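Here are the chains, one letter per residue:
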Amino acid sequence: FIENGGRMYLTDSGMLSVSGSFWNKGTFSSAAKGGVALTGPAEATVSGRSTFANFSCTEPGKTIRFATGEDNLFGIAASGSLTLRGAAGNLLALRGTTAGSAWKMNVGSAAVADLEYLDVEWSDASEGEMVAAKKSLGGAPEKHNEGWKFPREPIPGETNTWLGVAASWQNPANWSLDRLPVA
């Protein structure tokens, strides 16, 4: 927790392991090799305007809530890294703190994003580089995500609904998951 007017700087060797929430009401920065890792299975919140050189969470089944509103932006620095991974059948959930409001994410140019087995809702990543989350949920319109790509790999149990009127059944754009159904 960084209080109003407080400052935190992580050096190149500084990795901060956070088993709860990351609240920034002051100034946070880190050197190119410094970063933050959210650990443990408990739900966590990331709040404030923070640009991380490196940020990770590899806790299957965990929910991370990102604060919504103008004073909040989750950023990854240019040439930084973002690692978010759940597991098959036990996705890492990314949500906003306010239902129906998008949380903002900005991934800098040349940043490396290792994103897999996620369930993403109400995220606006359109100000930064496009990010791709493999084997993840989030591409359907009701998920309300911008600036993300969700490759067309099927996830067991997801529903792919026909949206076309009279066009080809073989056109991925006619399906809610932007891919053809699989058996």
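Details of the structure are given in the entry above.
Right, let's walk through the structure included here. Being a predicted model, the structure only gives us computed values, none of them experimental. For every chain, the first residue of the written sequence is number 1, and numbering continues from 1 onward in sequence order. Local features are withheld for residues below a pLDDT of 70 in this predicted model, meaning they are given only at 70 or higher, and side-chain atom pairs are given and counted only at 80 or more; totals for whole chains, interfaces and linings count all residues. Neither water nor hydrogens contribute to the side-chain values; these are computed over all heavy atoms in the structure.

Here we take up the overall build of the chain. Along its length, the chain carries 0 helices and 16 strands. Expected size for 183 residues packed as a compact globule is a radius of gyration near 16 Å; at 17 Å, the chain falls within 12% of this value. With respect to the principal axes defined by its C-alpha atoms, the chain has extents near 60 × 30 × 30 Å. We call a residue buried when its accessible area falls under 20% of the maximum for its residue type, exposed when it is over 50%, and partly exposed in between, using a 1.4 Å probe and counting protein chains only. The burial tally for the chain puts 44% of its 183 residues in the buried class. Comment: elements are numbered from the N terminus, with helices defined as DSSP H or I runs of at least four residues and strands as E runs of at least two. Computation of the radius of gyration draws on C-alpha atoms alone. For the globule rule, the value is 2.2 Å times the number of residues to the power 0.38.

What follows concerns the packing of aromatic side chains. Each aromatic ring pair is specified by the distance between its two centres and by the angle formed by the two planes. Any two rings among Phe, Tyr and Trp, with Trp reduced to its six-membered ring, count as a pair given centres within 6.5 Å; such a pair is stacked if its planes are under 30 degrees apart, edge-to-face if over 60, and tilted if neither. Taken as a whole, this structure holds 8 aromatic pairs when the rule is applied. Here the aromatic residues F22, F52, F55, F66, F74 and W103 are joined through ring pairs into a cluster of three or more.

Now for the pattern of salt bridges. Any Lys or Arg side-chain nitrogen found within 4 Å of a carboxyl oxygen on Asp or Glu counts as a salt bridge. Taken as a whole, this structure holds 8 salt bridges when the rule is applied. Here E121 ties to R95 by a salt bridge, and the two come within 3.5 Å at their closest N and O atoms. Note that E121 is positioned in the loop between β13 (118-120) and β14 (123-124) and R95 in strand β10 (residues 92-96), a separation of 26 residues in sequence. R95 gets classed as buried once you look at its relative accessible area, which sits at 16%. The salt bridge involving K135 is made with E116; its shortest N-O contact spans 3.6 Å. Of the two residues, K135 sits in the loop between β15 (131-132) and β16 (148-149) while E116 sits in strand β12 (residues 112-116), which places them 19 residues apart along the sequence. For K135, a relative accessible area of 29% corresponds to the partly exposed category. E116 gets classed as buried once you look at its relative accessible area, which sits at 17%.

Counting 31 residues, the largest nonpolar core has F55, L84, L94 and W148 as its most contacted members. At the level of elements, β5 (35-38), β6 (44-47), β7 (49-57), β8 (63-66), β9 (73-85), β10, β11 (103-107) and β13 are the ones that each hand at least two residues to this core. The dominant element in this core, judged by the number of residues it contributes, is β9, at 4 residues. Contact definition: two residues touch when any of their heavy atoms are within 4.5 Å. If sequence neighbours within four positions are ignored, L94 has contacts with I64, F66, L84, W103, L118, D119, V120, E121 and W148. Here, nonpolar core means buried Ala, Val, Leu, Ile, Met, Phe, Trp, Tyr and Cys residues that are tied together by side-chain atoms lying within 4.5 Å of each other.

For S50, the position within the fold is in strand β7. Contact partners of S50, with chain neighbours within four places excluded, come to F22, N24, F28, L73, F74 and G75.

This part covers the environment of A87. Mapped onto the secondary structure, A87 falls in the loop between β9 and β10. Overall, A87 belongs to the partly exposed group, its relative accessible area being 26%. Remark: the alpha-carbon pair of A87 and W169, spanning 82 residues in sequence, is separated by 32 Å.

Moving on, we get to the sheet that holds β13. Judged by pairing direction, the sheet is parallel, and its 5 strands sit side by side in the order β3-β6-β8-β10-β13 without closing on themselves. The open sheet is flanked by β3 (22-23) and β13, the only strands paired with a single partner. Here β10 pairs with β13 via 3 bridges, running parallel. Residue pairing for β13: A93 is matched across the bridge by D119. The criterion for strand pairing is that DSSP finds at least two bridges linking the strands in question.

The next point concerns unusual backbone geometry. At W122, a position not held by glycine, the phi torsion is positive, near 50°. Summarising the element assignment, W122 is placed in the loop between β13 and β14. On the basis of relative accessible area, W122 is assigned to the partly exposed category, the value being 27%. In this structure, H144 is a non-glycine residue whose phi angle is positive, near 60°. By secondary structure assignment, the location of H144 is in the loop between β15 and β16. What makes H144 partly exposed here is its relative accessible area of 37%.

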